[in-house]
Amino acid sequence: MALSREQMAQRVAREMQDGFYVNLGIGIPTLVANYIPEGMEVMLQSENGLLGMGAFPRVGEADADMINAGKQTVTARTGASIFSSAESFAMIRGGHIDLTVLGAFEVDVHGNIASWMIPGKLVKGMGGAMDLVAGAENIIVTMTHASKDGESKLLSRCSLPLTGAGCIKRVLTDLAYLEIDNGAFILKERAPGVSVEEIIRKTAGKLIVPDHVPEMQFA
Amino acid sequence: MAGFDKRVSSYEEALAGLKDGMTVISGGFGLCGIPENLINEIKRQGIRDLTVVSNNCGVDGFGLGVLLEDRQISKVIASYVGENALFEKQLLSGEIEVELTPQGTLAEKMRAGGAGIPAFFTATGVGTPVADGKETREFKGRAYLMEESITGDFAIVKGWKADHFGNVIYRHTAQNFNPLAATAGKITVVEVEEIVEPGELDPTQIHTPGIYVDRIICGTFEKRIEQLTERS
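Presented here is an overview of the structure given in this document. Since we're looking at a predicted model, the values are computed, not measured. (Residues numbered from 1 in each chain as written. Chains lettered and ligands numbered in written order. Predicted model: local features only at pLDDT ≥ 70, side-chain atom pairs only at ≥ 80, totals over all residues. Heavy atoms only, no water.)

With that settled, the discussion passes to the nonpolar core. Residues V22, V107, I113, V141, I168 and L172 of chain A are the most contacted members of the largest nonpolar core, which totals 51 residues. If we ignore the near neighbours within four places in the chain, the residues touching I168 of chain A are V107, G111, I113, V133, I139, V141 and I180 of chain A. (Core = buried A, V, L, I, M, F, W, Y, C linked by side-chain atoms within 4.5 Å. Buried < 20%, exposed > 50% of the residue type's maximum accessible area, 1.4 Å probe, protein only. Contact = heavy atoms within 4.5 Å.)

Pairing between the strands of a sheet is mediated by backbone hydrogen bonds and can be parallel or antiparallel. Residues and elements named next belong to chain A. Judged by pairing direction, the sheet is mixed, and its three strands sit side by side in the order 7-6-9 without closing on themselves. Sheet topology places strand 7 (113-114) and strand 9 (154-155) at the edges, where each strand pairs with a single neighbour. Alignment of strand 6 (residues 106-108) against strand 7, held across two bridges, turns out to be antiparallel. Within strand 7, the residue paired with V107 across the bridge is I113. (Pairing = 2+ DSSP bridges. Helix = DSSP H or I, 4+ residues; strand = E, 2+ residues; numbered from the N terminus.)

Residue and element names in this part refer to chain B. Applying the stated criterion across every chain, the model contains three aromatic pairs over all chains. Aromatic pair F4 and F165: ring centres 6.5 Å apart, planes at 35 degrees, arrangement tilted. A residue pair is termed long-range when its members are at least 10 positions apart, and F4 in the segment before helix 1 (11-14) and F165 in the loop between strand 9 (161-162) and strand 10 (168-169) qualify at 161 residues. Each ring, one from F121 and one from F139, has its centre 5.1 Å from the other, and the planes form 70 degrees; the classification is edge-to-face. A residue pair is termed long-range when its members are at least 10 positions apart, and F121 in strand 5 (residues 119-122) and F139 in strand 6 (residues 136-139) qualify at 18 residues. Since its relative accessible area comes to 28%, F121 is described here as partly exposed. (Phe/Tyr/Trp six-rings, centres within 6.5 Å; stacked < 30°, edge-to-face > 60°.)

The next point concerns the interface of chain B and chain A. Counting residues at the interface gives 49 residues for chain B and 46 residues for chain A. Roughly 3,800 Å² is buried in total at the junction of chain B and chain A, and carbon and sulfur atoms are behind 61% of that figure. Together, T173, T229 and R231 of chain B form the three largest contributors to the area buried by chain B at its contact with chain A, with a combined 18%. At the junction of chain B with chain A, the criterion picks out five salt bridges. Between K223 of chain B and D65 of chain A there is a salt bridge, with its nearest N and O atoms 2.5 Å apart. (Buried area = accessible area lost by both parts, 1.4 Å probe. Salt bridge = Lys/Arg side-chain N within 4 Å of Asp/Glu carboxyl O.)

With that settled, consider the packing of helix 3 (residues 85-93) of chain A against helix 5 (residues 103-114) of chain B. At a minimum axis separation of 9 Å, helix 3 of chain A and helix 5 of chain B run at an interaxial angle of 125 degrees. As judged from the angle between their axes, helix 3 of chain A and helix 5 of chain B are oblique. With respect to the hand of their crossing, helix 3 of chain A and helix 5 of chain B are arranged in left-handed fashion. Side by side, helix 3 of chain A and helix 5 of chain B meet where S85, A86, F89 and R93 of chain A of the first sit next to Q103, G104, T105, A107, E108 and R111 of chain B of the second. Here the contact of helix 3 of chain A with helix 5 of chain B is built from residues that sort into three nonpolar, four polar and three charged. (Axes fitted to C-alpha atoms, helices over the stretch in contact; angles between N-to-C directions. Parallel < 35°, antiparallel > 145°, perpendicular 65-115°, else oblique. Left-handed = near helix turned anticlockwise from the far one by under 90°. Nonpolar A, V, L, I, M, F, W, Y, C, P; charged D, E, K, R; others polar.)

Let's shift gears to helix 2 (residues 36-45) of chain B. Residues and elements named next belong to chain B. If you check which residues of helix 2 are buried, you get E36, N37, L38, I39, E41 and I42. Packing partners of the buried residues in helix 2 comprise helix 1, strand 2 (50-53), helix 3 (66-69), strand 8 (152-158) and strand 11 (185-192). Downstream of helix 2 by one or two residues, G46 has phi in the positive range, about 70 degrees.

Under the counting rule described, the total for this entry stands at 28 salt bridges over all chains. The residue E147 of chain B makes a salt bridge to K109 of chain B at a minimum N-O spacing of 3.4 Å. Here E147 of chain B is found in strand 7 (residues 142-148), whereas its partner K109 of chain B is found in helix 5, with 38 residues between them in sequence. According to the relative accessible area criterion, E147 of chain B is buried, its value standing at 1%. On the accessibility criterion, K109 of chain B (7% relative accessible area) is buried. Of the charged contacts in the structure, one is a salt bridge between K134 of chain B and E147 of chain B, with a shortest N-O distance of 3.2 Å. Here K134 of chain B is found in the loop between strand 5 and strand 6, whereas its partner E147 of chain B is found in strand 7, with 13 residues between them in sequence. Residues participating in the shared-partner salt-bridge network are D63 and D65 of chain A together with K158, R171, E193 and K223 of chain B.

Positive phi, normally seen in glycine, also occurs at K71 of chain A, with a value near 70 degrees. Checked against the element boundaries, K71 of chain A lands in the loop between strand 3 (50-53) and strand 4 (76-82). K71 of chain A sits in the buried class, given a relative accessible area of 8%. With phi around 60 degrees, D49 of chain B is a residue other than glycine that occupies positive phi space. Relative to the helices and strands, D49 of chain B resides in the loop between helix 2 and strand 2.

Turning to its location among the elements, V59 of chain A is positioned in the loop between strand 3 and strand 4. Residue classification places V59 of chain A among the exposed residues on the basis of a relative accessible area of 62%. Aside from chain neighbours lying at most four places away, what touches V59 of chain A is E230 and R231 of chain B.

Turning next to the side chain of N138 of chain A. Residues and elements named next belong to chain A. When you line up the elements, N138 lands in the loop between helix 4 (129-135) and strand 8 (139-143). Within the local environment of N138, its side chain forms a polar contact with the backbone oxygen of D98, the two atoms lying 3.1 Å apart. Polar contacts involving the side chain of N138 include one to the side chain of R170, which spans 2.4 Å. Excluding its chain neighbours within four sequence positions, the residues that come into contact with N138 are F20, D98, L99, T100 and R170. (Polar contact = N/O pair within 3.5 Å; in protein donor to acceptor, adjacent residues only side chain to side chain.)

All names here are of chain A. Across the sheet, which stays open at both edges, the ten strands sit in the order 4-3-2-1-5-8-10-11-12-13 with mixed pairing between neighbours. Each edge of the sheet is formed by a strand with only one pairing partner; in this case those strands are strand 4 and strand 13 (207-208). One ladder, built from four bridges, connects strand 8 with strand 10 (residues 170-173); its direction is parallel. Considered in strand 10, the bridge of M143 is made with T173.

Right, let's get into the state of the cysteines. Applying the stated rule across the entire model yields zero disulfides over all chains. Free of any disulfide, C167 of chain A has its nearest neighbouring cysteine sulfur in C158 of chain A, separated by 9.5 Å. The cysteine C218 of chain B is free of any disulfide, with C32 of chain B supplying the nearest cysteine sulfur at 18 Å. Under the relative-accessibility criterion, C218 of chain B is labelled partly exposed at 40%. (Disulfide = S-S within 2.5 Å.)

Structure representation (structure tokens):
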């Protein structure tokens, strides 16, 4: 079975470490906040200028001046700080964020990522994604392994205009967890019940399959 | 205007000198911390052919979106322009030009513009369409793009509280691009929720020092929420 969105978030959350500053993109990455392991303290950064994003507000307590980068009303946790967009991207560009999780349309064996523009379709903009991928050392991309038509999104070379070049080292799809090194995807884990053969079939870029590929475990 | 008293009494006065073809830098992120009333005054005055620099371009019928209704904007420099059907229509028909700019680069363009720095190098956008036509240079083994800074004829800013000296503080994440925009306007106009007595703002807590601000006006704000999200 392919992973659900929640399971993908759960798997990514295992990459958290106590004391991490983390930026979560829109979509599946946002769900990761729900699975931060008990007893671990993590500070979430939102690129509109908030470090220490808290829960959504209680009913009736939303404040128009308190939003996240997805424009959702949020709260600030104890220990939070709020600052300008220039300060926010200084943190991001300066490499101060410990982990960035974001979605993509395509990634390739060279660590390139395409996530913002499909030629011929209306382009809405890259927002902060280009800054995030350029600034972070530690990035996890979350995406489905293949399109609805079965077209692989893990390629030899991205076909869409790039968001960043040579910056992605780790990808979690609904089928597998992979690392990118030396011009190839390395299959590290597979979703429960998903065969190595299916992953090979749905990976267009060069894939290295170790002798043993453990199955992800979910409680 | 006497000494450092930068208060003006009408929105007409706040935007005096704004003319067709000018560049306006606006603070705000989505609909959060946008200078609602200054935008509405630009609409009322019917000023046209504007270049607008802002992270986003409002939504249909609110924020900078209202300036699209009478086609007052000819060019937008922004990082994200979704959530706006009229904008999409004018973009597809070629009535409006858009220069999509990475969010951090846009913030730094404003900051640098206000700080007298004509250009800077950033790794953001290297190897992407953003790099087209721009100089790249290697520093310590990594490629960086040269990005030019931005200044505006006017900057329009939304603050929380100000004193008549033009010292401004922002509230929560309504800060966003506002303090950067404030530095980058030849004429910077700040509208706030409250103008307080001199000495009431703690000097150590000022976000925008009054030197950047030319005009201050007190307004009332709708503060529309784009994505109301509450705990279930």
